[in-house]
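Given next are the chains, with one letter for each unit.
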Amino acid sequence: MSLFKDMLKDGESLFTANVEALDFDYLPKLIPFREREQKTIANAIKPIFQKRNGRNVFVHGKPGIGKTAGVRHLLKDLEEQTDDIFPIYINCWSKNTTYKVMLEICDQMGYKFTQNKKTDELLRLVGEIVNKNTGAVIVLDEVDKAEDLDFLYSLLEELYRKSLLIVTNYPSWLTDLDERIKSRLLPDLVEFKPYSEEETIEILRQRMKYAFVSGVFSDDAFLLLARKAAELKDVRAGLYMLRTAGQHAEDHSQQQIEVKNATYALSKLESYMIKETEQLAAREQQVLNLIKLNSGRKIGDIFKQYEKSGGVGSYKTFQRTVKKLEEGVYITVEKKEGGSEGTTSILTYGGTKKLTEF
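Residues numbered from 1 in each chain as written. Predicted model: local features only at pLDDT ≥ 70, side-chain atom pairs only at ≥ 80, totals over all residues. Heavy atoms only, no water.

Trainee: Got a sec to walk through the overall build of the protein chain? Specific residues and values, please.
Mentor: Across its full length, the protein chain carries 16 helices and 8 strands. A compact globule built from 358 residues would reach a C-alpha radius of gyration of about 21 Å, and the protein chain, at 23 Å, matches this within 12%. With the C-alpha coordinates of the protein chain rotated into their principal frame, the extents come out at 65 × 65 × 40 Å. For the protein chain, buried positions account for 48% of its 358 residues. Looking at the protein chain alone, contacts between residues at least 24 apart form 72% of all its contacts between residues at least 6 apart. (Helix = DSSP H or I, 4+ residues; strand = E, 2+ residues; numbered from the N terminus. Rg over C-alpha atoms; globule rule 2.2 N^0.38 Å. Buried < 20%, exposed > 50% of the residue type's maximum accessible area, 1.4 Å probe, protein only. Contact = heavy atoms within 4.5 Å.)

Trainee: Tell me about the nonpolar core, and name the residues and values.
Mentor: In this structure, I41, F212, F217, L225 and L242 are the most contacted members of the largest nonpolar core, which totals 52 residues. Ranked by residue count, the leading element in this core is helix α10 (residues 235-251), at 8 residues. Beyond its immediate sequence surroundings of up to four residues, F217 is in contact with M208, F212, F222, L225, L242, A245 and I257. In terms of nonpolar packing, the next biggest core, distinct from the first, is built from 33 residues, M102, I105, V126 and I181 among them. (Core = buried A, V, L, I, M, F, W, Y, C linked by side-chain atoms within 4.5 Å.)

Trainee: So what about the state of the cysteines? Which residues, and what values?
Mentor: Scanning the model with the defined rule gives 0 disulfides in all. Cysteine C92 is unpaired, with the sulfur of C106 as its nearest cysteine sulfur at 15 Å. The class for C92 is buried, based on a relative accessible area of 0%. A relative accessible area of 0% places C106 in the buried class. (Disulfide = S-S within 2.5 Å.)

Trainee: Explain the packing of helix α8 (residues 197-211) against α10 to me, using residue names and the numbers behind them.
Mentor: Put simply, α8 and α10 touch, their axes get as near as 10 Å, and they point 40° apart. In this view, α8 runs oblique relative to α10, as classed from their interaxial angle. The interaxial crossing formed by α8 with α10 has right-handed handedness. Residues T200, I203, L204, R207 and M208 of α8 pack against V235, G238, L239 and L242 of α10. Taken together, the residues of the contact of α8 with α10 sort by class into 6 nonpolar, 2 polar and 1 charged. (Axes fitted to C-alpha atoms, helices over the stretch in contact; angles between N-to-C directions. Parallel < 35°, antiparallel > 145°, perpendicular 65-115°, else oblique. Left-handed = near helix turned anticlockwise from the far one by under 90°. Nonpolar A, V, L, I, M, F, W, Y, C, P; charged D, E, K, R; others polar.)

Trainee: Explain helix α15 (residues 315-327) to me, and be specific about the residues and the numbers.
Mentor: With 13 residues, α15 should reach 18 Å at 1.5 Å per residue; the first-to-last C-alpha distance of 18 Å fits that figure. Within α15, burial applies to T317, F318, T321, V322, K324, L325 and E327. Two residues or fewer after α15 comes V329, characterised by a positive phi angle close to 65°. (Expected span 1.5 Å × (residues − 1).)

Trainee: Please provide a residue-by-residue account of the side chain of D141, values included.
Mentor: Looking at where D141 falls in the secondary structure, it is placed in strand β3 (residues 135-141). Nearest to the buried, unbridged D141 among oppositely charged side chains is K67, at 6.6 Å. When near neighbours in sequence (up to four residues on either side) are disregarded, D141 contacts T68, Y89, I90, N91, C92 and V167. (Lys, Arg positive; Asp, Glu negative; His and termini not counted. Salt bridge = Lys/Arg side-chain N within 4 Å of Asp/Glu carboxyl O.)

Below, the structure written as structure tokens:
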């Protein structure tokens, strides 16, 4: 018997041609429920239109709540409004050094003669090109992944008219920033708060309508996944589950996506979480693994385990790493008062268990 006999034929896919609407980096025409945050950022950029220096903005919030989509949508709007202001988006996970950042900025500004040029030459070129134009709006997404921040200092010093939009999951990044950079950055603060359950469901419903043939996703299956995403406060997890449920239904040649497919998608959330944790820095990954092995124990006890395992850094550095993991929703931290030690923190691994319980 042919392995392909029972598969859905051409034109029978449950997905539409707009299946990219389920991608994490898909940019919809409208960004719902983020009008206030976008307006605040737009006001910071506004002075550049008047040939003055813009204000810088520090954008923070937990993963999967629309920070990147919000700022990228603003850049797209900016690009449609004027040719005089450079709209530049840099992801510091992939462009994680000053040289890579400057090379990418040159590329996005249309300057291609970068071969054999050193970092200092690229810095000078970027300054010259931007300053000849009205200015630039530069998004530095996942800035906490950058290996050095020399590019940030240079952009603040050399560009006359600009707005730097610094995006990160970790509000503590700004606190730990070198004073020479912090004193020049002086950003407006914009927090993207988690979506409500109703907002999360509506966002995922819109994406579902783009990505799937009308009527193929049963209401019960959709709501099971959308409510789980709302519980996790992570739209990206919801997109992952919608795609997984659809693929599972197609693999079984179904004409509709049912609760059993949604249940399968829920069971695959652990692999989604593993992919997310792969993006952590080495020290963060090491500390997260220790917390996973010692979930529910005091922070001091886990720090001792960290030292025994060869962990580098002081207790204060360890505390900062724990704070980042908490802000990224990888762990939960509960303050406990009383006892001989006074107030202490209990660290609980909040990743896989939280994602897969349903």
